[in-house]
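Chain by chain, the residues run as shown.
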Amino acid sequence: MLPFRTVLFDLDGTLVDAFTTIHRAYCHTLPQFGFPAPTAEQVRRAVGGGLENAMGRFVPPELVAEACRVHVAFTEKIQLEDPTIYPGGRELVAALHARGAKTAVLTNKIGEHARAVLAHLGLSPQLDLVLGARDCPWRKPAAEFTAEALRRLGADAATACLIGDSPFDLATARNAGLPCYCVTTGTHSAEELRAAGAAEVFSDLRALGSAVFIQSA
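Every residue gets a number counted from 1 within its own chain, in the order that chain's sequence is written. In view of the model being predicted, local features appear only for residues whose pLDDT reaches at least 70, and side-chain atom pairs are presented and counted only at 80 or more, with totals across whole chains, interfaces and linings using the full set of residues. Computation of side-chain values covers all heavy atoms of the structure but excludes hydrogens and water.

1. Remarks on the pairing of strand E5 (residues 129-133)
Item 1. For every residue, the accessible area obtained with a 1.4 Å probe (protein chains only) is divided by the maximum for its type, and the residue is called buried under 20%, exposed over 50%, and partly exposed between those limits. Each helix is a run of DSSP H or I of at least 4 residues and each strand a run of E of at least 2, with the numbering of both proceeding from the N terminus. Most of E5 sits out of view: 5 of its 5 residues are buried.
Item 2. Two strands pair if DSSP finds at least two bridges between them. Both strand E4 (residues 102-110) and E5 contribute to a ladder of 4 bridges, which runs parallel. Paired with Leu106 across the strands is Leu131, a residue of E5.

What follows is the structure, encoded as structure tokens:
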């Protein structure tokens, strides 16, 4: 039997590598407000808590809303050009779906954007839900956001887990009472994730899937 009946995936940095898209959008946006284009590493360290939170690390508060508007408009033009699925991601989602688990993406990326990327990459048929920003009143790490995803899935927190790549994902799982498994494909190292409370950290989804799910087949 599977150890969990419901598996919630973070998106960027965990299931999908969209950092090229994200970096391009910041490089397009910030110079328009008089700020230098950021390095990829600066962007990588800023993302994770939603666009407004990340943008606030680059521009003063009074410019965040307009900078986000420019960022979103540009992202909508290029969002299907660069994203790829991390190693093992496609196989893990397909295997869980085939074995009857409910699979979902829980992200602070705009929900419409997330669904477009996942459809483009061919993952949508194996996902029962994609819940993102603007889909409901909440966002990660609010417990209500995870609860809303579980409600829509008809799932129970007692048999669910979250897979993510950042302390933000760990906080999301902790607030919802879920176990969280982490990968280092995104924004943080194994040491940083363990310091944030991760019990288990893996190099990628292939390693995580083999250790947590495949062995239970």
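2. So, the layout of surface pockets
Item 1. Approximately 540 Å³ is the volume attributed to the largest pocket.
Item 2. Taken together, the elements giving at least two residues each to the lining of the largest pocket come down to helix H1 (19-29), helix H3 (51-55), helix H4 (61-78) and E4.
Item 3. The element that contributes the greatest number of residues to the lining of the largest pocket is H4, accounting for 5 residues. In the cavity and pocket records, a cavity denotes points on a 1 Å grid over the protein atoms alone where a 1.4 Å probe fits but cannot get out, a pocket denotes an open set with protein on both sides within 12 Å along at least 5 of 7 lines, and lining residues are residues with an atom within 4 Å of a point. Grid points are joined across faces, edges and corners, and a volume is the space filled by probe spheres set on the points.

3. Remarks on the environment of Arg134
Item 1. Note on placement: Arg134 falls in the loop between E5 and helix H7 (143-153).
Item 2. Considered as a pair, Arg134 and Leu51 are 83 residues apart in the sequence and their alpha carbons are 12 Å apart.
Item 3. Those residues in contact with Arg134, other than ones at most four positions away along the chain, are Val72 and Ile110. Residue contacts are counted whenever heavy atoms from the two residues lie within 4.5 Å of one another.

4. Description of the nonpolar core
Item 1. Residues enter a nonpolar core if they are buried and are Ala, Val, Leu, Ile, Met, Phe, Trp, Tyr or Cys, with the set joined through side-chain atoms within 4.5 Å. In this structure, Phe9 and Phe213 are the most contacted members of the largest nonpolar core, which totals 50 residues.
Item 2. The residues touching Phe9, leaving out its near neighbours within four places in the chain, are Leu15, Leu92, Val93, Leu96, Ala104, Val105, Leu106, Leu162, Ile163 and Leu205.

5. Some details on the pairing of strand E6 (residues 160-164)
Remember that side chains alternate between the two faces of the sheet whenever the strand is regular.
Item 1. Burial analysis of E6 places 5 of its 5 residues in the buried class, the great majority of the element.
Item 2. What you see with E6 is no split at all: Ala160, Leu162 and Gly164 on one side and Cys161 and Ile163 on the other are buried throughout.
Item 3. Note: strand E1 (residues 6-9) against E6, 4 bridges, orientation parallel. Residue pairing in the sheet places Phe9 in a bridge with Ile163 of E6.
Item 4. Examined bridge by bridge, E6 and strand E7 (residues 180-183) share 3 bridges and lie parallel to one another. From the neighbouring strand, Leu162 faces E7, where its bridge partner is Cys180.
Item 5. The definition of a right-handed crossover adopted here requires that, viewed with the strands pointing away, the path from the first strand over the helix to the second runs clockwise. As a crossover connection, the stretch from E6 through helix H8 (residues 167-176) into E7 is right-handed.

6. Re H8
Item 1. Turning to H8, its buried residues number three or more, namely Asp169, Leu170, Ala171, Thr172 and Ala173.
Item 2. For H8, the secondary structure elements touched by its buried residues are E4, H7, E6, E7 and helix H9 (190-195).
Item 3. Gly177 lies just past H8 and shows a positive phi near 75°.

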